[in-house]
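Summary of structural features
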Amino acid sequence: MSSWTTGLAGDVPQGHAVRVETPSNYLNAKFTIGSWLATHDHKRIAILFAVSITAFFFIGGAAATMMRLDLATPAGDFVKAETYNKLFTMHGVIMVWFFLIPSIPATLGNFLVPLMIGARDLAFPRLNLTSWYLYVGGSIFTIAAMIAGGVDTGWTFYAPFSTMFSNTHVIYVLAGVFVVGFSSILTGLNIIVTVHTMRAPGMTWFRLPLFVWAQYATAAILVLATPVLAMTLVLVTVERLFGIGIFNPVLGGDPLLFQHLFWFYSHPAVYIMVLPAMGVVSELIAASAHNPVFGYKTMAFAIIAIAVLGFLVWGHHMFVSGQSMYAGVVFSFMSFLVAIPSAVKVFNWTATLWHGRITYTAPMLYALGFVGLFTVGGMTGLFLASLALDVHLTDTYFVVAHFHYIMVGGTVSAYLGGIHFWWPKITGRMYSDRWARFAAILLFVGFNFTFFPQYLLGIAGMPRRYHAYPPEFQTLNVLSSAGALILALGYLLPLLYLGWSLFRGARAPANPWDATGLEWQTSSPPPVHNFATPPVVTEPPYAYRMAALSRDVVDAREGTR
Amino acid sequence: MTSANPAIGAVHEPALRVAAQFEEAPQQVHAAKLGMWIFLATEVMFFGALFFAYAIARVQFPEAFAAASKHTNILLGTTNTAVLLTSSLFMVLAMRAAELGVRRATAILLVITGLLGLAFTGIKLTEYALDYRDHLVPVLDFSFDPRYAKGALVFFGFYFVTTGLHLVHLSVGNGLVLTFARRAWLGKPNTLADQVEIAGLYWHFVDVVWIFLYPCLYLVSRT
Amino acid sequence: MIALGLPPEASTIAPRVDLLLYAVTIVTGGVAIAIFVTMIVFGIRYRAGSKVKRAENVPEAQARARRRVETAWTLIPFALFLASFAWAARLYMVRADAPANSMELFVVAKQWMWKLQHPGGQREIDEMHVPRGQPIKLVMTSQDVIHSFFVPAFRLKQDVLPGRYTEMWFTATKTGRFHLFCAEYCGTDHAHMGGDVIVMEPAEFQRWLNAHAATQSMAARGEDLFRHLGCSGCHGENASVHAPNLAGVYGRPVPLSDGTTVVADERYIRDSILLPRKEVAAGYAPIMPSFTGQIGEDDILDLIAYIKSLASTKERPK
């Protein structure tokens, strides 16, 4: 382990060293509010993001809870139809753009990419802070829209409903999403440049942790897909404000053009949400199994393959939209193709357990939860990629269940797992693993209770975005609503025990999990410039059992000679 | 890479100001250039979506687009194309001068580039005023041959959105170029050639966008 | 399969979709269970502290074996995916070709109701009466936003767009009442934009048609409009203006002034009324005025029905 790096300063605590006093670190360097709001430190900016997205997570979650309450009865007695439509719109907008997309890249990615590659910071620290301020700017527009009365277009903003027919505050939300999009672009640009130019000596491409590979691929999608969304929103605004016919056929526009542009962004956006989660899970499983990731190179290439193929499948959202039948066939084929690297990743995570020494800490439970839920979400994605099945299932609760398995079961599990795994590094404190394991299990159970019934509702034909429904769907809806309450409780728990740990938790050692990776070689929390002396990398990634190196890692090592 | 100085300190030579996160100046320059290229990739996708929407609309209204295009001001549009291309020439000359380390010449060439950019802006605004006079501004004042009115409205919608966004980009470039001109004159930067190159990358990109816009807006039916 | 909670199978395509659904469920479910079992077995066997023997050294041969394993679990899913893709795509293609003997029904969607019209002129709102065993082709359009015509019992769904026609066909196999939903979010009362599809025995359906007989068929109403809107002034028998003869034009290729050819289907007729300059028939001056904003979607459908009714006759319309 200690041979992982050379040239480290002697003052970095090793293993289980007990520290009496806290050395200077990025948290205690300065305490003023200004030192946070004007910081250029990627670690502090990561925390600014983490706090902001957590706030939005609970706003979006509150909207979801109200929707589930409303759906407990067929007539939807809790809120009016109008309110319900605004609730699911705000839920979607907030969860997609103000939580899921920045979730892992802007918090864990921001915090860990420089640490993992042995850099002092991201390449453009000021741009990084700008990114957070853009996020805040976008969130102000969005909250303004909520206060002004809400929006009822759905997060998809389908034209011509959004451009000509909705009487709500569409423009505010469009502005909010437009601005927050530039926040994403700047984060992505920063990560790409950082990975290219800031790697420590000896940190070759095939020594990068899979987390960094995932962040890199995600950043590429952010940079290339988000501008298309930005322009789409500009065009929606132009049609809505000035009546220029772009999407509305009455004015000479084409509504399918909107869908093509929107999904050209929004399908890759799914991979923006799930690729970083895959990166996190690779770290968690390898560290908890104390085993190198099975097929490291395959895993890295799978990430890139998913990112590239993810740009070529957007039309599978449009199988019944009226697009050409042949386009549907091509997009269906591409969708099956993109499933292959995803499947390979699941197999490789399973194989990483083989011959490991698995410890079941909270991060590992979250990671295993991810693999299970992602597998179900991925498998049901194949139903939707199958053209004739999609005709029946699209725009029903089957789709709702499918993407919640991927985004909530997948991404949120991985995000929470990552937060638990790196919590000691970020805060310098340990939390109660017992409570954390309990929360992980509660979330897994609550999640399945909430969303598995929705698959069955979809198969039975219940359309999505329905405020009221025929009575025969009630049993499954009640089950789902009951699960949602468990889920809501499960999400509140980590706030409590993690919050408690901030003040009462035991001081964290530098490497509490006995994990490899440069971030564990510096103190917890890290000093302002991350490393007392810049690290030099001499070992392949995941060198948990040097004797059991897989062949490609050996290749990678030989390649650098 | 300055292999002679592999040490870790942020500052190697008094003349070089390297930001704290970098090890050495070449790394910083590499990062800045890569950053600009990636930003331009974003911009290509941004304008790409716009051109895609334009193409769809033009297929929908081929005749109206041809008719509407005839009402754009070909004289000012062509003049502007020439102005912008000339500005790019001066940009390239400024990059060469910076490479050779001739600060004053760099500054002067950058100023000329920036003045041409301002000239473009002035001509474009004049053109907008003339468009208003000719009742070609959607929402404010628009009237057109009723046979083509619907498509022409879409055409002029695209005309103002595309040229407007282009103008915003050009203004940012203008600020960048004039700032670097001032810096070059004062002899401040130590990596002048690289900074000018980065500004040049952006300037040429804005130029290329116009080269696509010009035929799409002015030359539809003028074969 | 009751376990999956599928709605009744009430169309010819429904059992075929369900068979595919079962097959995909069994294969993906099998693979998922295999993954989970493997994870659990590994998870227990290789837990920290277990005494199981772990390879500390992986010889070259075993590394090669690993690579073979990885290749296998890339190629086997690929083969399964290809099979599923091909099966599903073939079934999807069936949607495209309505049988020649299909009966046509016209659907106009608007916030938040479904308006249907039978060729005989019978109109319905939020209900669709159809005979069992007869292929039905729906020609659909929307008056405002995008809607989606969804009948779970038929396993069919098709978005309904403003400004164009989309089609969907089915043959009902079971009599009874089935849900009709709008599946594309369309605004406040989206959840209430639905109704019933009522499948009847053919004789019963005929009785229903007779009981709801309209004063005029769609074609007859279209003929009235044709005269009333002044179409006959140019396209009619005694017109002095040089305009195309519409008799028998439906379904035939029309050479256009730009040298291309289109088939005169519903879309072409609709566009010719609303955007007459888009595709001008060869040999004619582009002088027809646009009727955009002057007539509703129902009227256009009536006009199309009228022009179609001229298909058999060779005479110029009066």
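Because the structure is a prediction, the values reported are computed rather than measured.

Rules and cut-offs
Throughout this document, residue positions are counted from 1 along each chain, in the order its sequence is written. As a convention, the first chain written is A and the first ligand written is 1, with the rest following in written order. The predicted origin of the model limits local features to residues at a pLDDT of at least 70 and limits the giving and counting of side-chain atom pairs to 80 or more, whereas totals for whole chains, interfaces and linings rest on all residues. The nonpolar core criterion groups buried Ala, Val, Leu, Ile, Met, Phe, Trp, Tyr and Cys residues into a set whenever they are joined through C-beta atoms within 7 Å. Here a residue counts as buried when 20 or more other C-beta atoms sit within 10 Å of its C-beta, as exposed when there are 12 or fewer, and as partly exposed otherwise, the C-beta atoms being derived from the backbone. C-beta atoms are placed from the backbone for every residue, and two residues are taken to be in contact when these atoms lie within 7 Å. Here the rule is simple: two strands pair whenever DSSP picks up at least two bridges between them. For the purposes of this entry, the term helix denotes a DSSP run of H or I that reaches at least four residues, the term strand denotes a run of E that reaches at least two, and both are numbered from the N terminus. All axes are obtained by fitting lines to C-alpha atoms, using only the stretch in contact for helices, and the reported angles, taken between N-to-C directions, cover 0 to 180 degrees. When residues are sorted by character, Ala, Val, Leu, Ile, Met, Phe, Trp, Tyr, Cys and Pro go into the nonpolar class, Asp, Glu, Lys and Arg into the charged class, and all the rest, Gly among them, into the polar class. Should an angle fall under 35 degrees it is called roughly parallel, over 145 degrees roughly antiparallel, and 65 to 115 degrees roughly perpendicular, with every other angle called oblique. If you view the pair so one helix is near and one far, a crossing is left-handed when the near helix is turned anticlockwise from the far one by less than a right angle, and right-handed when it is turned clockwise. Note on scores: pLDDT gives the predictor's confidence for each residue, bounded by 0 and 100. What marks off one domain from the next here is an automatic or database domain assignment.

**A short note on the nonpolar core**
Judged by nonpolar contacts, the single largest core of 345 residues is most densely connected at A:Ile117, A:Ile192, A:Leu275, A:Val281, A:Ile303 and C:Val107. Setting aside chain neighbours within four positions, we find C:Val107 in contact with C:Trp114, C:Leu116, C:Leu138, C:Met140, C:Phe149 and C:Val160.

**Comments concerning the sheet that holds strand β8 (residues 166–171) of chain C**
Residues and elements named next belong to chain C. Pairing is mixed across the open sheet formed by five strands, whose spatial order is β3-β2-β1-β5-β8. Lying at the two open borders of the sheet, with one neighbouring strand each, are β3 (123–125) and β8. Taking each pair of neighbouring strands and ignoring which way they run, the sheet shows an average axis angle of 25°. Where strand β5 (residues 135–142) and β8 come together, six bridges link them in antiparallel fashion. Bridge pairing in β8 links isoleucine 136 to phenylalanine 170.

**Section: the interface of chain C and chain A**
Listed as interface residues are 69 residues of chain C and, on the opposing side, 68 residues of chain A. Among the elements of the structure, α1 (14–45), α2 (60–94), β6 (147–151), β7 (156–160) and β9 (176–182) of chain C are those that each provide at least two residues to the side of chain C that touches chain A. With 16 residues, the single largest contributor to the side of chain C that touches chain A is α2(C). In terms of residue class, the side of chain C that touches chain A is built from 40 nonpolar, 16 polar and 13 charged.

**Quick notes on the packing of helix α8 (residues 255–289) of chain A against helix α10 (residues 325–353) of chain A**
Residue and element names in this part refer to chain A. In the contact formed by α8 and α10, the axes pass within 9 Å of each other and the chain directions differ by 15°. Here α10 runs roughly parallel to α8, going by the angle between their axes. Both α8 and α10 take part in a crossing whose hand is left-handed. Counting all contacts with α8, which are made through Met278, Val281, Ile285, Ala286 and Ala289, the residues of α10 involved are Lys345, Trp349, Thr352 and Leu353. Its residues assigned to classes, the contact of α8 with α10 shows seven nonpolar, one polar and one charged.

**Side note on the interface of chain A and chain B**
In many analyses, interface size is given as the accessible surface area lost on bringing the parts together. Facing the 32 residues of chain A at the interface are 29 residues of chain B. No other element matches helix α7 (residues 210–242) of chain A, which puts 10 residues into the side of chain A that touches chain B. Grouping the constituent residues of the side of chain A that touches chain B by class yields 23 nonpolar, six polar and three charged.

**What about the sheet that holds β9(C)?**
Residue and element names in this part refer to chain C. Spatially, five strands are ordered β4-β10-β9-β6-β7 in an open sheet, and the strand pairing comes out mixed. With one partner strand each, in any of the chains shown, β4 (127–131) and β7 form the two edges of the open sheet. For this sheet, the mean angle separating the axes of adjacent strands, direction not counted, is 20°. Where β6 meets β7, five bridges bridge the pair, whose relative direction is antiparallel. Bridge pairing in β7 places histidine 147 opposite valine 160. Here helix α3 (residues 202–211) sits on the sheet in contact with β4 and β10 (194–200), set at roughly 130° to β4.

**Some details on the packing of helix α2 (residues 42–70) of chain A against helix α4 (residues 125–148) of chain A**
In helix packing, the relevant descriptors are the interaxial angle and the interaxial distance, both defined with respect to the helix axes. Residues and elements named next belong to chain A. Orientation of α2 relative to α4, taken along the N-to-C sense of each, is 15°, at an axis distance of 10 Å. Considered as vectors, α2 and α4 are oriented roughly parallel to each other. Considering how the two elements wind past one another, α2 and α4 form a crossing that is left-handed. On the side of α2, the interface is formed by His42, Ile45, Leu48, Phe49, Ser52 and Phe56, while α4 contributes Pro125, Asn128, Leu129, Trp132, Tyr135, Val136 and Ser139. Among the residues making up the contact of α2 with α4, the classes are represented as nine nonpolar, four polar and no charged.

**Things to note about unusual backbone geometry**
With an omega dihedral of 0°, the bond running from A:Ala159 to A:Pro160 counts as a cis peptide bond. With respect to the helices and strands, the residue A:Pro160 is situated in the loop between α4 and α5 (161–165). With an omega of -5°, the peptide bond between C:Gln111 and C:Trp112 qualifies as cis. Even without glycine at this site, C:Arg155 takes up a positive phi of about 60°. Residue placement: C:Arg155 occurs in the loop between β6 and β7. On the basis of neighbour count, C:Arg155 is assigned to the buried category, with 28 C-beta atoms found within 10 Å.

**Examining the confidence of the model for chain A**
Mean pLDDT over chain A works out to 91, with 93% of the residues at or above the 70 mark. Note on residues 547–561 of chain A: pLDDT under 50 across the span, and 32 contacts to partners over four residues away in sequence or across chains.

**Some remarks on the domain arrangement of chain C**
The domain architecture assigned to chain C consists of domain 1 (2–44 + 58–94), domain 2 (103–211) and domain 3 (218–309). Put simply, the middle of domain 1 of chain C and the middle of domain 3 of chain C, counted by C-alpha atoms, are 51 Å apart.

**What to know about the environment of A:Val274**
For A:Val274, the position within the fold is in helix α8. Those residues within four positions of A:Val274 in sequence are excluded, and the remaining contacts are A:Ile406, A:Gly410 and A:Thr411.

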